[in-house]
Amino acid sequence: MRLRAAWLALVLIAVAGCRRAQPTPPSFPDYRSELGLPAVGPVRFDPAEITTHPVIIVFFATWCMPCLGQLQFLSAIQREYAARGLRVVAIGMDIDGKKVLEPFAVQSALPYPILVADPSFLRGESAFGPIRELPAVLMINAKGKPIAGWTGFAEPASLRQKVEELTSAQTSDAREAR
């Protein structure tokens, strides 16, 4: 009986000392810090401007037809949601870089900046990792955390729904901060 009581006491002490493991949320880099790339075309880019805004980052190439469609849809999104704080930034993944992207940026007249991916992006060595399919779209909130992502052409209805959720949350956060 004594042995059983001692064993029970030992088990209770051991269990009492155990805490439930709390799941740790995944940590993500602040992707905005990776956007210090050179801009081409008429729209200038100031990385400081996006530090408090939700951002859509689109990876594209000038030879990619689905990319060109995605860029046009994101032009409409930028115009429609800019007043709610949304920013769009395009990163050109063309191997010829500025030589190809500069004339493209001027001719396309997109309402958002086009950045030139440096070789580390092309090798998949940035915080974004390898970009295996174009276009690729990443949506991050005003705190720099990823909210949604798409590879290949992002369906307009799906993307618009996420933009609506993101900008509604941004508007609510701004009201609460006042």
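Computed from a predicted structure; not experimentally measured. (Residues numbered from 1 in each chain as written. Predicted model: local features only at pLDDT ≥ 70, side-chain atom pairs only at ≥ 80, totals over all residues. Heavy atoms only, no water.)

Undergrad: Please provide a residue-by-residue account of the sheet that holds strand β2 (residues 55-60), values included.
TA: Pairing in this open sheet of 6 strands is mixed, and the strands run β1-β4-β3-β2-β5-β6 from one edge to the other. At either margin of the open sheet sits one strand with a lone partner, and together these are β1 (39-40) and β6 (146-151). In the sheet, strand β3 (residues 87-92) pairs with strand β4 (residues 114-116) via 3 bridges, with the strands oriented parallel. Across the sheet, Ile-91 pairs through a bridge with Leu-115, a residue of β4. (Pairing = 2+ DSSP bridges. Helix = DSSP H or I, 4+ residues; strand = E, 2+ residues; numbered from the N terminus.)

Undergrad: Describe empty space enclosed by the protein, and please don't skip the residues or the numbers.
TA: As enumerated under the stated definition, the model contains 1 cavity of 30 Å³ or more in all. Space inside the largest cavity adds up to approximately 30 Å³. Surrounding the largest cavity, Val-40, Gly-41, Pro-42, Val-43, Ala-105, Leu-110, Tyr-112, Pro-113 and Ile-114 form its lining. For the lining of the largest cavity, the class distribution of residues is 8 nonpolar, 1 polar and no charged. (1 Å grid on protein atoms, 1.4 Å probe; cavity = no way out; pocket = protein on both sides within 12 Å on 5 of 7 lines; lining within 4 Å. Points joined across faces, edges and corners; volume = space filled by probe spheres on them. Nonpolar A, V, L, I, M, F, W, Y, C, P; charged D, E, K, R; others polar.)

Undergrad: Lay out the layout of surface pockets with the relevant residues and their values.
TA: There is about 200 Å³ of room inside the largest pocket. Surrounding the largest pocket, 13 residues form its lining, Phe-128, Pro-130, Ile-131, Ala-136 and Thr-151 being those nearest its centre. A per-class count over the lining of the largest pocket returns 9 nonpolar, 2 polar and 2 charged.

Undergrad: Any details on the confidence of the model for the protein chain? Residues and values, ideally.
TA: A residue-level look at the protein chain finds 79% of positions with pLDDT of 70 or above and a mean pLDDT of 84. Long-range and interchain partners of residues 5-18, a stretch whose pLDDT sits below 50, account for 0 contacts in this model, where long-range means more than four residues apart. (pLDDT = per-residue confidence, 0-100. Contact = heavy atoms within 4.5 Å.)

Undergrad: Please provide a residue-by-residue account of the environment of Lys-98, values included.
TA: Within the fold, Lys-98 resides in helix α3 (residues 98-108). Assessed through its relative accessible area of 53%, Lys-98 is described here as exposed. Residues Lys-98 and Ala-39, spaced 59 residues apart in sequence, show a C-alpha to C-alpha distance of 8.8 Å. The contact partners of Lys-98, leaving out residues within four places of it in the chain, are Val-40, Pro-103 and Val-116. (Buried < 20%, exposed > 50% of the residue type's maximum accessible area, 1.4 Å probe, protein only.)

Undergrad: Residues and numbers for the side chain of Gln-78, please.
TA: Structurally, Gln-78 can be placed in helix α2 (residues 65-81). The exposure class assigned to Gln-78 is buried, which follows from its relative accessible area of 8%.

Undergrad: Describe the pattern of salt bridges, with residues and values.
TA: The final tally for this structure, using the stated rule, is 5 salt bridges. Taking the shortest distance from any N to any O, the salt bridge between Glu-125 and Arg-123 comes out at 3.0 Å. For the pair Glu-125 and Arg-123, one class covers both residues: exposed. A salt bridge links Lys-162 to Glu-165, with the nearest nitrogen and oxygen atoms 3.5 Å apart. Separated by 3 residues within a single helix, Lys-162 and Glu-165 lie in helix α5 (residues 156-177), roughly one turn from each other. Taking relative accessible area as the criterion, Lys-162 reaches 27% and is therefore assigned partly exposed. (Salt bridge = Lys/Arg side-chain N within 4 Å of Asp/Glu carboxyl O.)

Undergrad: Describe the side chain of Asn-141, listing the residues and the values that go with them.
TA: Within the secondary structure, Asn-141 is located in the loop between β5 (136-140) and β6. On the basis of relative accessibility, which here comes to 19%, the residue Asn-141 falls in the buried class. Among the polar contacts listed, one links the side chain of Asn-141 to the backbone nitrogen of Lys-143, at a separation of 2.9 Å. With residues near it in sequence (within four places) discarded, Asn-141 still touches Arg-32, His-53, Pro-54, Ile-147 and Leu-166. (Polar contact = N/O pair within 3.5 Å; in protein donor to acceptor, adjacent residues only side chain to side chain.)

Undergrad: A description of α2 should follow, citing residues and the corresponding values.
TA: If you check α2, its first and last C-alpha atoms are 25 Å apart, about what 17 residues at 1.5 Å a residue would give, namely 24 Å. Buried within α2 are the following residues: Cys-67, Gln-70, Leu-71, Phe-73, Leu-74, Ser-75, Ile-77, Gln-78 and Tyr-81. (Expected span 1.5 Å × (residues − 1).)

Undergrad: Break down the environment of Glu-34 for me, citing the residues and quoting the values.
TA: Assignment of secondary structure puts Glu-34 in the loop between α1 (2-17) and β1. The partly exposed category is assigned to Glu-34, whose relative accessible area is 27%. In the structure, Glu-34 is positioned 87 residues away from Phe-121 in sequence and 9.6 Å away in space, judged by C-alpha atoms. When sequence neighbours within four positions are dropped, the list of residues in contact with Glu-34 reads Phe-121, Ser-126, Ala-127 and Phe-128.

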